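Coordinates in review
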Amino acid sequence: MSALSADGSADGLPHPTLVVLLRHGETEANSKGVLQGQSESPLTALGRSQAAALGSALGARVASSGFQQPLSRTVYSSDLSRASDTAQAVIDALSGEGASRSFELRRDARLRERRLGPFQGLSVGECHRRHALLWNTFNSGEDDQMVACVNQPGASENGGVELRQDMTERAVAVMRDIAAAHPGESVLVVSHGGFIHHAVCAMSDLPEDEVPHIGNCTVTTLVAPAAAGSAAPWRVQSVGEHAAHGTKNGTGSQSRTNVDLVGRGNIKAAR
């Protein structure tokens, strides 16, 4: 019999970690076409239903051994309520009344959506009307141009717009920390459309314009290298899968316009 490895695999070889990224359910802001960024917006009735359905679908996947690795008992979430409420609904569905399996919800601010500063709480049209120069600069996607606009009227509202490089650094840090803490497991992580899109690009070698729409309560699975501390790109197993009814890439009844995904010309692709 082969000796067990550190992650418990019988072949003595380390197994990769699956980081399963889940976008939160529909929010009031989503339903109105309003940018949220790091502002709060509660789940709609549809959003709560989506979250419960997602949990049930993931439970069925676990029951049928649909995950390549055992499911971690720790579920990670952005600390914004739309994500943590979705995570709790998933946990409730996975656990079931009287179930012996318990889950821990761990909130991490690094999993938040990109901070959108003056654009938070506005529609795309309002961004154009109120902050035309800032909005056009923001959608160029270039950090140096955003820095140059720091003294423009409104630029500092709500903490200003988070630079892409800053978002990349926190996304890479939290993803690596989660993978390192759960070698050989599948880990559920509830976050936001823009963050998930950005994380896929940051962790893999997939070009930004090839990452499809991240719909509400979709599943995006990344495979971290088995070797601890490896700087190799992560493998993209799936992006934007609607686990509750089998459709992919933001299609189907659960998908609505995602205006969170903005910057570097992504508005058209996200709508």
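An account of the accompanying structure is given in this report.

Thresholds applied
- Residues numbered from 1 in each chain as written.
- Predicted model: local features only at pLDDT ≥ 70, side-chain atom pairs only at ≥ 80, totals over all residues.
- Heavy atoms only, no water.
- Helix = DSSP H or I, 4+ residues; strand = E, 2+ residues; numbered from the N terminus.
- Buried < 20%, exposed > 50% of the residue type's maximum accessible area, 1.4 Å probe, protein only.
- Areas by Shrake-Rupley, 256 points an atom, 1.4 Å probe, with all protein chains shown as cover.
- 1 Å grid on protein atoms, 1.4 Å probe; cavity = no way out; pocket = protein on both sides within 12 Å on 5 of 7 lines; lining within 4 Å.
- Points joined across faces, edges and corners; volume = space filled by probe spheres on them.
- Nonpolar A, V, L, I, M, F, W, Y, C, P; charged D, E, K, R; others polar.
- Salt bridge = Lys/Arg side-chain N within 4 Å of Asp/Glu carboxyl O.
- Phe/Tyr/Trp six-rings, centres within 6.5 Å; stacked < 30°, edge-to-face > 60°.

A tally of regular secondary structure across the protein gives nine helices and seven strands. Relative to its full complement of 271 residues, the protein shows a buried share of 52%. With an accessible surface of roughly 11700 Å², the protein has 50% of that area assigned to carbon and sulfur atoms.

The next thing to look at is the layout of surface pockets. There is about 160 Å³ of room inside the second largest pocket. For the lining of the second largest pocket, a count of residues per class yields eight nonpolar, two polar and two charged.

Attention shifts here to the pattern of salt bridges. Opposite charge on two side chains lets them pair, provided their charged atoms get close. By the definition in use, this model includes eight salt bridges. Among the ionic pairs, Glu241 bridges to Arg61, the shortest N-O distance being 3.1 Å. Of the two residues, Glu241 sits in strand E6 (residues 235–242) while Arg61 sits in helix H2 (residues 45–63), which places them 180 residues apart along the sequence. Where Glu126 meets Arg130, a salt bridge forms, and the shortest distance between an N and an O atom there is 3.9 Å. Highlighted residues: Glu126 and Arg130, both in helix H4 (residues 124–130), separated by four residues, approximately one helical turn. Note on Glu126: relative accessible area 23%, which makes it partly exposed. Connected through salt bridges with shared partners, the residues Asp108, Arg110 and Asp177 form a single ionic network.

According to the stated counting rule, one finds three aromatic pairs in the structure shown. For the pair Phe119 and Trp135, a centre-to-centre distance of 4.8 Å together with 80 degrees between the ring planes defines the contact as edge-to-face. Linking Phe119 in the loop between strand E3 (104–107) and H4 with Trp135 in helix H5 (residues 132–138), this pair joins segments that are 16 residues apart in sequence. Both residues of the pair, Phe119 and Trp135, belong to the buried class. Ring geometry for Phe119 against Phe138: centres 5.3 Å apart, planes inclined by 40 degrees, an arrangement best described as tilted. Residue Phe119 is located in the loop between E3 and H4, and its partner Phe138 is located in helix H5; the two are separated by 19 residues in the primary sequence.

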